[in-house]
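Coordinate analysis (summary)
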Amino acid sequence: DVKVTQSSRYLVKRTGEKVFLECVQDMDHENMFWYRQDPGLGLRLIYFSYDVKMKEKGDIPEGYSVSREKKERFSLILESASTNQTSMYLCASSLTAGGEETQYFGPGTRLLVL
Amino acid sequence: EDQVTQSPEALRLQEGESSSLNCSYTVSGLRGLFWYRQDPGKGPEFLFTLYSAGEEKEKERLKATLTKKESFLHITAPKPEDSATYLCAVRSNAGKSTFGDGTTLTVKP
């Protein structure tokens, strides 16, 4: 079974703090993604990566950065947390095999910024 | 700009009452269309990927179909455990994913 794990289920931080969200997948997937999910706005793509040390901006990258030093790990960094970054953060990884892509999500991290 | 619109927003069915969920999309080059199921407080669970118009995929009581403008998720004889939010997403050839807001399905016994 593919497993995507996220470092925390719940996190409370103060405005201005640097926040690290870690995501690890155990199936050697090349593609990894970070989304945030907000009521009424759906899932929005923050960043994605198709290979180690490679990153691409999604639809809402402002205020975020990412790091992919190893294939299995994709980190999301909030350089200076703000209250409008309170959200559910979801990591995903995907595999393309035989022309078919399958995407797996982690359980999510619910971040509250005070 | 890529767009995904799902309808209805919410759907209430009696157990055994078949129905369909709709996902209308516009995308600059479709790499794939994805369907997910999401239970409250959890991450989405992958269901299907569709790539070209006319393609169909089935899994238990679910069947997904694709045209050039929309996709349908047909639910045959649903059970209460099928209650969840169903999400549709498109991946463009540029690699970006765009999600719809989801359809929340409630199946009453």
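Read on for a plain summary of the structure. The structure displayed is predicted, hence computed values, not measured ones.

Digging into the interface of chain A and chain B
Contacts between the two partners involve 24 residues from chain A, matched on the other side by 22 residues from chain B. The largest share of the area that chain A buries against chain B comes from Leu43(A), Glu101(A) and Gln103(A), three residues that together contribute 29% of it. Where chain A touches chain B, the interface holds one salt bridge. With a shortest N-O distance of 2.6 Å, Arg91(B) and Glu101(A) are connected by a salt bridge. Taken together, chain A and chain B are joined by eight residue pairs in polar contact (both at pLDDT 80 or more). The biggest single contributor to the side of chain A that touches chain B is strand β10 (residues 100-105) of chain A, with five residues.

Concerning the nonpolar core
Grouped together as the largest cluster of nonpolar side chains are 22 residues, with contacts concentrated most on Leu33(B), Trp35(B), Leu73(B) and Tyr86(B). Mapped by element, the contributors of at least two residues to this core are β2 (10-14), β3 (19-26), β4 (30-38), β5 (45-50), β7 (62-66), β8 (70-75), β9 (84-92) and β11 (103-108) of chain B. Per-element accounting of this core gives the leading share, four residues, to β9(B). By size, the runner-up hydrophobic cluster in this structure holds 20 residues, among which are Leu11(A), Val19(A), Leu21(A) and Cys23(A).

Rules of the game
- Residues numbered from 1 in each chain as written.
- Chains lettered and ligands numbered in written order.
- Predicted model: local features only at pLDDT ≥ 70, side-chain atom pairs only at ≥ 80, totals over all residues.
- Heavy atoms only, no water.
- Contact = heavy atoms within 4.5 Å.
- Buried area = accessible area lost by both parts, 1.4 Å probe.
- Salt bridge = Lys/Arg side-chain N within 4 Å of Asp/Glu carboxyl O.
- Polar contact = N/O pair within 3.5 Å; in protein donor to acceptor, adjacent residues only side chain to side chain.
- Helix = DSSP H or I, 4+ residues; strand = E, 2+ residues; numbered from the N terminus.
- Core = buried A, V, L, I, M, F, W, Y, C linked by side-chain atoms within 4.5 Å.
- Buried < 20%, exposed > 50% of the residue type's maximum accessible area, 1.4 Å probe, protein only.

Any functional reading would require information that these geometric values do not contain.
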